[in-house]
Amino acid sequence: MYFSRIVDRELDELCSESAAVAIEGPRAVGKTETALRRAASVHRLDDETRLDVIRADPERLTSGEPPVLIDEWQRLPASWDVVRRAVDADPRTLRFLLTGSAAPADLPTHSGAGRIVTVRMRPMSLAERGVSTPTVSLGNLLSGTRPLIEGACPLGLADYTAEITGSGFPAFRGRSGRVVRAYLDSYIDRITEHHVHEFGRTVRNRAALRRWMSAYAAASSTAATFETIRDAAAPGEADKPNKATTIVYRAALEGLWLIEDVPAWLPTRNHLRRLAAAPVHQLADPALAARLLEATAQTLLDGADNGPAVARDGSLLGALFQSLVTQSVRVYAQANEAKVFHLRTQGGEHEVDLIVQGVDGRIVALEVKLAANVTDHDIRHLRWLAERIGPELVDSAVITTGPEAYRRRDGIAVIPAALLAD
């Protein structure tokens, strides 16, 4: 069964006017199935026999009825240049689709600028999972029209917790908790035992990598320093991994599209000053973080704080709910050609969980609250931001676990997470 994805519409538009489109994202996110719906022929480079043939004669990649899908292109980095040269010869019609689950270490930059369009694909957002019928569009919020906010949401806290641990990877959907945990364990094992070593990255101590991943998961939705994460990965140990080693860990996981930090919003055209530049940490799917921390839906609801000790405001469940919302908002933002940031002053006096900046510079600010009700205290940072940047901020909202979407008297929207879409 194919799950319709929001990125499908972006791909339809790009494929209508591009000669080559590359779909990038973590393994099991659905790239191949999505590309197959548009391809007429396929070269599967994860097939060792086929890879040996193509390696001997890379120009074979241009054979076959177009559009030609080159699946897992990073297993033969030379394929990128083969496609680039072929596109130079005929840049007008769609000829190639490429899918990639890693960025090869020996290919530091994609040389296909102006020839190969890249598209990021992420795990399924809440809207794509079909858990509710969305009633609020991020695109409408970005429009500056102050749209009507309404709709009832059937999900409660336990349902969102189940979505956190249930994963947005399509192959895991609809399976029991035990089966999903088994899949996630296998997924993490393959990362540490195999995938980080495939493309020129060497990690000698795989157990240490696993501990670092768990510490990074514990830092989800925080701006903890990488020194803090390193210390949490090996508490009390004299032989902690050095900074150079942890940089390799981070680069390897970023190269596999498994780490996607939220960058700080550092505007230059308004009066905001003394903003912190540190990113907020997020894994590609909060279910990976939960599994690395050995947290289940029940332990999260019980308030357990599993895993390495990393300071955070609030509970682990609150941090992973913010991860879930962030992952979904990124999908919706991409559909609107928008970017996602966070905002925090250097002293921590003010912070806004998500800043969505549209292609025209318009700003929507989002606070994420693991609560059904919203108080004046919950929206104080949104009010502060509105006072500082004025009309540049076209809308503000608090994303909640509550039952109903509405606008407060002060104009700030309250939106249950499952009612938001692109």
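A brief report on the enclosed structure follows. Values in this document were obtained by computation on a predicted structure and should not be read as measured data.

### Observations regarding the pattern of salt bridges
Logical step 1: Following the criterion strictly, the structure yields 32 salt bridges and no others.
Logical step 2: In this structure, the salt-bridge partner of arginine 5 is glutamate 128, at a minimum N-O distance of 3.4 Å. With arginine 5 in the segment before α1 (7–15) and glutamate 128 in helix α5 (residues 126–129), this residue pair connects regions lying 123 residues apart in the sequence. Across the pair, exposure class does not vary: arginine 5 and glutamate 128 are buried alike.
Logical step 3: Arginine 84 is the salt-bridge partner of aspartate 81, the closest N and O atoms lying 3.2 Å from each other. One end of the pair, aspartate 81, and the other, arginine 84, are both in helix α4 (residues 78–89), three residues apart, so they sit about a helical turn from each other.
Logical step 4: For aspartate 81, a relative accessible area of 25% puts it in the partly exposed group.
Logical step 5: Residues participating in the shared-partner salt-bridge network are Arg120, Arg122, Glu260 and Arg330.

### Focus on helix α15 (residues 380–389)
Logical step 1: Inspection of α15 places His381, Leu382, Trp384, Leu385 and Ile389 among the buried residues, and these make up the whole buried set. Here the buried residues of α15 occupy an arc of 160 degrees about the axis, which is enough to place them on one side.
Logical step 2: Contacts from the buried residues of α15 go to β7 (339–344), β8 (351–357), β9 (363–368) and β10 (393–400).
Logical step 3: In the segment just after α15, glycine 390 is the residue with positive phi, at about 60 degrees.

### Quick word on the side chain of glutamate 128
Logical step 1: Residue classification places glutamate 128 among the buried positions, given a relative accessible area of 11%.
Logical step 2: Only 2.8 Å separates the side chain of glutamate 128 from the backbone nitrogen of serine 125, close enough to count as a polar contact.

### Describing empty space enclosed by the protein
Logical step 1: According to the stated counting rule, one finds four cavities of 30 Å³ or more in the structure shown.
Logical step 2: For the largest cavity, the calculated volume is near 110 Å³.
Logical step 3: Those elements that provide at least two residues to the lining of the largest cavity are α1 and α14 (316–335).
Logical step 4: For the lining of the largest cavity, the element with the highest residue contribution is α14, accounting for three residues.
Logical step 5: A breakdown of the residues in the lining of the largest cavity according to their chemical character gives six nonpolar, one polar and five charged.
Logical step 6: The volume enclosed by the second largest cavity comes to roughly 70 Å³.
Logical step 7: No other element matches α14, which puts four residues into the lining of the second largest cavity.

### Things to note about the sheet that holds β7
Logical step 1: Here six strands make up an open sheet; going across it, the order is β7-β8-β9-β10-β12-β11 and the pairing mixed. The strands lining the two open edges of the sheet, one partner per strand, are β7 and β11 (406–407).
Logical step 2: The pairing of β7 with β8 spans five bridges and is antiparallel. The residue of β8 that forms the bridge with valine 340 is valine 356.

### What to know about the sheet that holds strand β4 (residues 96–100)
Logical step 1: The strand order across the open sheet formed by five strands is β2-β3-β4-β1-β5, and the pairing between neighbours is parallel. Two strands close off the open sheet at either side, each with one partner strand: β2 (41–44) and β5 (117–120). Neighbour-to-neighbour, the strand axes of this sheet turn through a mean angle of 20 degrees, independent of strand direction.
Logical step 2: Helix-sheet contacts for α1 involve β1 (20–24), β4 and β5, and the interaxial angle to β5 is about 175 degrees.

### Topic: the packing of helix α8 (residues 177–193) against helix α9 (residues 206–218)
Logical step 1: Between α8 and α9, the least distance of the axes is 9 Å, while the angle of their chain directions is 130 degrees. For the element pair α8 / α9, the angle class is oblique. Crossing hand, α8 versus α9: right-handed. From α8, Ile188, Asp189, Ile191, Thr192 and Glu193 reach across to α9, where they touch Arg206, Leu209, Arg210 and Met213.
Logical step 2: Grouping the amino acids of the contact of α8 with α9 by side-chain chemistry returns four nonpolar, one polar and four charged.

### Overview of a nonpolar patch on the surface
Logical step 1: A cluster of nonpolar side chains, namely Leu157, Leu301 and Leu370, defines an oily patch on the protein surface of about 200 Å² accessible area.
Logical step 2: Here leucine 301 is to be found in helix α13 (residues 297–301).

### Observations concerning the packing of aromatic side chains
Logical step 1: Using the criterion set out here, one finds seven aromatic pairs in the structure.
Logical step 2: Relative to phenylalanine 321, the ring of tyrosine 160 has its centre 5.5 Å away and its plane inclined at 70 degrees; by these criteria the two rings are edge-to-face. With tyrosine 160 in helix α7 (residues 157–166) and phenylalanine 321 in helix α14, this residue pair connects regions lying 161 residues apart in the sequence.
Logical step 3: Tyrosine 160 gets classed as buried once you look at its relative accessible area, which sits at 1%.
Logical step 4: For phenylalanine 321, a relative accessible area of 0% gives the class buried.
Logical step 5: For the ring pair phenylalanine 169 and tyrosine 187, a centre distance of 5.0 Å and an interplane angle of 35 degrees mean the geometry is tilted. In this pair, phenylalanine 169 sits in the loop between α7 and α8 while tyrosine 187 sits in helix α8, placing the two residues 18 residues apart along the sequence.
Logical step 6: Look at tyrosine 187 and you get buried, because its relative accessible area is 12%.
Logical step 7: Through pairs of rings, three or more aromatic residues link up here, namely Phe169, Phe172, Tyr183 and Tyr187.

Scoring rules and cut-offs
Residues numbered from 1 in each chain as written. Predicted model: local features only at pLDDT ≥ 70, side-chain atom pairs only at ≥ 80, totals over all residues. Heavy atoms only, no water. Salt bridge = Lys/Arg side-chain N within 4 Å of Asp/Glu carboxyl O. Helix = DSSP H or I, 4+ residues; strand = E, 2+ residues; numbered from the N terminus. Buried < 20%, exposed > 50% of the residue type's maximum accessible area, 1.4 Å probe, protein only. Arc of directions from axis to C-beta. Contact = heavy atoms within 4.5 Å. Polar contact = N/O pair within 3.5 Å; in protein donor to acceptor, adjacent residues only side chain to side chain. 1 Å grid on protein atoms, 1.4 Å probe; cavity = no way out; pocket = protein on both sides within 12 Å on 5 of 7 lines; lining within 4 Å. Points joined across faces, edges and corners; volume = space filled by probe spheres on them. Nonpolar A, V, L, I, M, F, W, Y, C, P; charged D, E, K, R; others polar. Pairing = 2+ DSSP bridges. Axes fitted to C-alpha atoms, helices over the stretch in contact; angles between N-to-C directions. Parallel < 35°, antiparallel > 145°, perpendicular 65-115°, else oblique. Left-handed = near helix turned anticlockwise from the far one by under 90°. Patch = residues over 30% accessible without salt bridge, like charges linked within 9 Å, V, L, I, M, F, W, Y side chains within 5 Å. Areas by Shrake-Rupley, 256 points an atom, 1.4 Å probe, with all protein chains shown as cover. Phe/Tyr/Trp six-rings, centres within 6.5 Å; stacked < 30°, edge-to-face > 60°.

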